[in-house]
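The chain contents come next:
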Amino acid sequence: MKARARSQERRAEILRAALEVIAERGYRGASLGAVAERVGLTQQGLLHYFPTKEALLVAVLEERDQWDTAAAAARSPDTWRLELLASLVEYNAMRGGVVQTFSALLGESVTEDHPARDFFTGRYDQVRAHMTDVLRAEFGEELAGGLTPEQAAPLLTAVMDGLQYQWLLDPEAVDMPAAFRDFLTLLGPRR
């Protein structure tokens with residue numbers, strides 16, 4: 001049991017280091033050797049935990065999503081609502097490095113051969129479906145202006161991600177949490 005716990009701790013340490021290296025160098029500039037060095041392993045030792053650079057990248061992205069889910073659940077363990085999304089935006093404003101890495105990887109992933117393309121495509125399918133459920137719970141079958149939750153879900157997602165890019169570029173000019181709360185008022189009254 002101790003060996004398994006140590007292996008999980010080491011894996012978490014590698015993921016944190018990989019996130020740092022990717023944040024500093026971008027995915028294409030990051031190397032397994034740099035990650036291994038940061039955690040005191042050989043590259044071969046790192047490959048024991050993650051057999052390829054692509055596998056490590058996907059694990060970093062999945063771990064980042066787990067952090068978001070855990071942080072949101074800690075704030076409101078019952079259900080995802082618009083207020084919980086606003087709390088997630090506030091949480092992201094406190095961890096610029098993670099947001100920067102995620103945003104850079106998202107931007108890089110639009111190329112055909114990027115190893116995170118499938119991850120982000122699947123993630124956005126899930127996010128849009130989840131946002132549809134959140135909007136339906138808050139507004140019913142129609143939002144102000146006549147949009148359905150299915151029509152508004154990609155817009156809500158775009159606002160969250162677009163605010164991150166603007167905030168990363170000029171955090172003094174863009175108050176990401178306040179701007180997101182302003183956007184929520186545009187959606188209209190909730191039921």
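It should be noted that the structure appears before, not after, this text.
Okay, so let's go over this structure. Computed from a predicted model, the values in this text were never measured in an experiment. (Residues numbered from 1 in each chain as written. Predicted model: local features only at pLDDT ≥ 70, side-chain atom pairs only at ≥ 80, totals over all residues. Heavy atoms only, no water.)

**Section: the packing of aromatic side chains**
Think of a pair of aromatic rings as described by two things: how far the centres are apart, and how the planes are tilted against each other in angle. Just so we agree on the cut-off: Two aromatic rings from Phe, Tyr or Trp, using only the six-membered ring of Trp, form a pair when their centres are within 6.5 Å; if the ring planes differ by under 30 degrees the pair is stacked, by over 60 it is edge-to-face, and anything between is tilted. Numbering of helices and strands runs from the N terminus; a helix is a DSSP stretch of H or I covering at least four residues, while a strand is a stretch of E covering at least two. The classification of residues rests on relative accessible area computed with a 1.4 Å probe and restricted to protein chains. Under 20% of the type maximum is buried, over 50% is exposed, and intermediate values are partly exposed.
Under the criterion given, the structure shown has three aromatic pairs. Judged by centre distance (5.3 Å) and plane angle (65 degrees), the rings of F102 and F120 are edge-to-face. Residue F102 is located in helix α6 (residues 96–108), and its partner F120 is located in helix α7 (residues 117–139); the two are separated by 18 residues in the primary sequence. Residues F102 and F120 agree in their burial class; the two are buried. Ring geometry for F119 against F120: centres 5.3 Å apart, planes inclined by 80 degrees, an arrangement best described as edge-to-face.

**Concerning the pattern of salt bridges**
In plain terms, the rule: The rule for a salt bridge is simple: a side-chain nitrogen of Lys or Arg has to be within 4 Å of a carboxyl oxygen of Asp or Glu.
Counted according to the given criterion, the structure contains 13 salt bridges. The salt bridge partner of R6 is E9, with a shortest N-O separation of 3.8 Å. Of this pair, R6 and E9 both sit in helix α1 (residues 2–29), three residues apart, which is roughly one turn of the helix. Judged by its relative accessible area of 44%, R6 is partly exposed. One connected set of salt bridges, linked through shared partners, spans R81, E83, E90, E138, R181 and R190.

By themselves, these observations are geometric and do not establish any function.
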